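# Notes for the structure review
These are the residues of each chain, in order.
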Amino acid sequence: MTEKTRVAVLYGGRSGEHEVSLRSAASVIRHLDRDRFEVIPVSIDKAGRWQRHDLRRITQTGDESLAIPPESPEVRLAAAADGRAAVASLAGAPERAEIDVVFPVLHGPLCEDGTLQGLLELTETAYVGSGVLASAVGMDKDVTKRLAGLAGIPIAPYRAFTRSAYERGVVSLDDIARAMTLPVFVKPCNMGSSVGIHKVKAWADLPAALADAFRYDVKVLVEQGIDAREVEVAVLDGAPPFVSVASELNPQAHHDFYSYAAKYLDPEGASVDLPARIGPEQMERVRALALLAFEALECSGMARIDFFLDRQSGEFYLNEVNTLPGFTSISMYPKMMEASGIPYPELLTRLIDLALERHRTRRGLKRELAD
């Protein structure tokens, strides 16, 4: 019998999107092909502690969210033989589980911003998703927009600045008010799931919105609000990459925009059109822009590319790139892929295969001057 591929599903994390990760990981574990994969659940709690869990214990309740039992053994990630990695106990016991690939189901800073990916590279561990560069760039909305602009992808006017510059008075709110029209959006540059985002409809409310955004990041951006529809596209790596049909998110009237509450707390927070109700030319345009963004940021594995569709001009503007998109039961990345002909279990299998293939390729590269 063929030996199963051992997949460490890594979940939790120290970001504000910790709870979202618990839900994404539950869904991933539920849909992984058990005939091919052996699942090893590993969590990172809010204090940064890594733990290995008994799969049956954390999934027996059938909850939509995984638990992190505090008594589970603390572990570390270590390099192993033949290109594999290992999850090793810290308690002094010889317990050690070799793994073939890590599936990070984590969102936000210290999870999808290149930091975790750097650790996995140092231990020569195969892992799902983009590498250090694309992960870091994709997490930073400011840098994402800069590179997108260089690639010819339209972006909305915005201003990004650090907390230090703001506190030193380098940034003038009057200048922002002169350069943009209400409403504007205030966003932490390195955060996802709409955490810390505010729609500002009066300039008097801008300082409070900035103060809250700075709770989540040292750099924020103020972006021109657009009378727009929210359109998303899923991209799966390959030769060539596979680009899904686009979907459209329609926040309910009691939500000003597709906020964290609309995404995860309110079951009626938004309706979805999948595929998006746009014409064939617009569908072709947004899919082409999504692929262009995926390649411009040097993404690998997967990404969800989010756009604004201006209701007046019909132009698409890049909103953000998510290199580790949500995988909950209501998340749009797997839904768009399924609508485009790739069911959830097959999607997970393809992502793992891509990770293993990339790992083999990178291990074959020379690190020293060749003879």
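Attention here is on the structure that accompanies the text. Only a predicted model underlies this, so the values are computations on that prediction, with no experimental measurement involved. (Residues numbered from 1 in each chain as written. Predicted model: local features only at pLDDT ≥ 70, side-chain atom pairs only at ≥ 80, totals over all residues. Heavy atoms only, no water.)

## What about the side chain of S21?
Checked against the element boundaries, S21 lands in helix α1 (residues 18-31). A distance of 2.8 Å separates the side chain of S21 from the backbone nitrogen of G12, its partner in a polar contact. Of note is the side chain of S21, whose polar atom sits 2.5 Å from the backbone oxygen of V105. With sequence-adjacent residues up to four places away left out, S21 is seen in contact with Y11, G12, V105, L106 and H107. (Helix = DSSP H or I, 4+ residues; strand = E, 2+ residues; numbered from the N terminus. Polar contact = N/O pair within 3.5 Å; in protein donor to acceptor, adjacent residues only side chain to side chain. Contact = heavy atoms within 4.5 Å.)

## Let's talk about the packing of aromatic side chains
Under the counting rule described, the total for this entry stands at seven aromatic pairs. Here the aromatic cluster, defined as three or more aromatic residues joined through ring pairs, consists of F103, F327, Y333 and Y344. The residue whose ring lies beneath K145 is Y158, and the NZ or CZ to ring-centre distance is 5.9 Å. Geometry around Y127 places R358 over its ring, the cationic atom sitting 4.6 Å from the centre. (Phe/Tyr/Trp six-rings, centres within 6.5 Å; stacked < 30°, edge-to-face > 60°. Lys NZ or Arg CZ within 6 Å of the ring centre and 35° of its normal.)

## Thoughts on the nonpolar core
The biggest cluster of nonpolar side chains holds 37 residues, and the ones touching the most others in it are F103, F327 and I352. Sorting the residues of this core by element identifies β1 (5-12), α1, β2 (37-44), β7 (101-105), β12 (228-236), α11 (332-339) and α12 (344-363) as the ones contributing at least two each. Looking at this core, the element that brings in the most residues is α12, giving eight residues. Discounting residues that sit within four places of it in the chain, I352 has contacts with V7, L32, F37, V101, F103 and V128. (Core = buried A, V, L, I, M, F, W, Y, C linked by side-chain atoms within 4.5 Å. Buried < 20%, exposed > 50% of the residue type's maximum accessible area, 1.4 Å probe, protein only.)

## A look at the sheet that holds β2
Spatial ordering of the open sheet is given by β3-β2-β1-β7, a layout of four strands whose pairing is mixed. Here the strands that pair on one side only, and so sit at the sheet edges, are β3 (50-52) and β7. Each adjacent strand pair in this sheet contributes to an overall mean axis angle of 30°, direction not counted. Against the sheet, α1 engages β1, β2 and β7, with an angle of about 155° to β1. Against the sheet, α12 makes contact with β1, β2 and β7, and its axis sits at roughly 125° relative to β7, the strand it touches most. (Pairing = 2+ DSSP bridges. Axes fitted to C-alpha atoms, helices over the stretch in contact; angles between N-to-C directions.)

## Quick word on the packing of α1 against α12
For any two helices packed against each other, one specifies the inter-axial angle together with the distance between the axes. The interhelical angle for the contact between α1 and α12, taken along N-to-C directions, is 95°, at an axis separation of 9 Å. Taken together, the axis directions place α1 and α12 in an arrangement best described as roughly perpendicular. Two secondary-structure elements touch here, α1 through S27, V28 and H31 and α12 through Y344, P345 and L348. Grouping the constituent residues of the contact of α1 with α12 by class yields four nonpolar, two polar and no charged. (Parallel < 35°, antiparallel > 145°, perpendicular 65-115°, else oblique. Nonpolar A, V, L, I, M, F, W, Y, C, P; charged D, E, K, R; others polar.)

## Re the environment of V102
Position of V102 relative to the elements: it lies in strand β7. If we ignore the near neighbours within four places in the chain, the residues touching V102 are A8, L10, L120, T125, A126, Y127 and V128.

## Topic: the pairing of strand β17 (residues 316-322)
Of all seven residues making up β17, seven are buried, and the element is well covered by its neighbours. The pairing of strand β16 (residues 302-310) with β17 spans six bridges and is antiparallel. Looking across to β17, one finds that F307 is bridged to L318. The loop that links β16 with its antiparallel partner β17 comprises five residues; one of these, G314, has a positive phi angle of about 80°.

## Some details on the environment of E95
In this fold, E95 is placed in the loop between β5 (85-89) and β6 (96-99). Accessibility expressed as a relative area gives 44% for E95, which makes it partly exposed. Along the chain, E95 and V143 lie 48 residues apart, while their C-alpha atoms are 42 Å from each other. Apart from the residues lying within four places of it in its own chain, the contact partners of E95 are R52, V87, A88 and S89.

## Digging into the sheet that holds β5
Read from one edge of the open sheet, three strands run β4-β5-β6, paired in antiparallel fashion. Only two strands of the sheet have a single neighbouring strand rather than two, namely β4 (75-79) and β6. On average, each strand axis in the sheet is tilted by 25° relative to the strand beside it, whichever way the strands run. Two elements, β5 and β6, share four bridges in a ladder whose sense is antiparallel. From the neighbouring strand, A86 faces β6, where its bridge partner is E98.

## As for the side chain of N190
Structurally, the position occupied by N190 is in the loop between β9 (184-188) and β10 (198-200). Relative accessible area serves as the criterion here: at 17%, N190 is assigned to the buried category. Residues contacting N190, with those up to four places away along its chain left out, are P109, M139, D140 and D217.

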